[in-house]
Amino acid sequence: QVMLVESGGGLVQPGGSLRLSCAASRTIFSFHTMGWYRQALGKERELVATITTGGSANYGDSVKGRFTISTDAAQNTVNLQMNSLKPDDTAVYYCRAFGAAGRYWGQGTQVTVSP
């Protein structure tokens with residue numbers, strides 16, 4: 001059983017920054033890809049960013065140039081640095097891991113961007 005635990009969400013003003021972290025219960029090298037998705041109220045879940053074990057990153061169009069995904073092998077975490085936040089970024093952010101044994105979701109962390 002793989003557990004993914006997100007942290008770092010909260011309330012921030014427009015233009016502000018937040019850093020999300022997702023801790024995996026096993027080495028991140030167990031997964032060929034890790035990523036972040038988000039789901040706003042009344043909307044479908046959408047891609048935010050993914051990163052492969054080789055370091056190749058992919059971003060959703062709405063966050064390109066503002067968000068940066070990274071991994072920390074020593075901490076077994078995948079992180080999401082979010083800058084220049086907008087109200088439209090308000091959503092529950094979910095960590096995702098893709099491995100040979102399966103695909104896994106975290107429980108989510110709320111990000112609210114509001115004055």
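Check the entry above for the structure.
Residues numbered from 1 in each chain as written. Predicted model: local features only at pLDDT ≥ 70, side-chain atom pairs only at ≥ 80, totals over all residues. Heavy atoms only, no water.

A. Looking closely at the environment of Val12. In this fold, Val12 is placed in strand E2 (residues 10-12). Those residues in contact with Val12 that sit more than four places away from it in its chain are Ser17, Leu18, Leu85, Thr112, Val113 and Ser114. (Helix = DSSP H or I, 4+ residues; strand = E, 2+ residues; numbered from the N terminus. Contact = heavy atoms within 4.5 Å.)

B. Up close: the sheet that holds strand E3 (residues 18-24). Strand order in the open sheet made by the four strands is E1-E3-E8-E7, with antiparallel pairing throughout. Strands with a single pairing partner mark the edges of an open sheet, and in this sheet they are strand E1 (4-7) and strand E7 (67-72). Each strand axis lies, on average, 15° off the axis of its neighbour in the sheet, ignoring direction. One ladder, built from six bridges, connects E7 with strand E8 (residues 77-82); its direction is antiparallel. Bridge pairing in E8 places Thr71 opposite Val78. (Pairing = 2+ DSSP bridges. Axes fitted to C-alpha atoms, helices over the stretch in contact; angles between N-to-C directions.)

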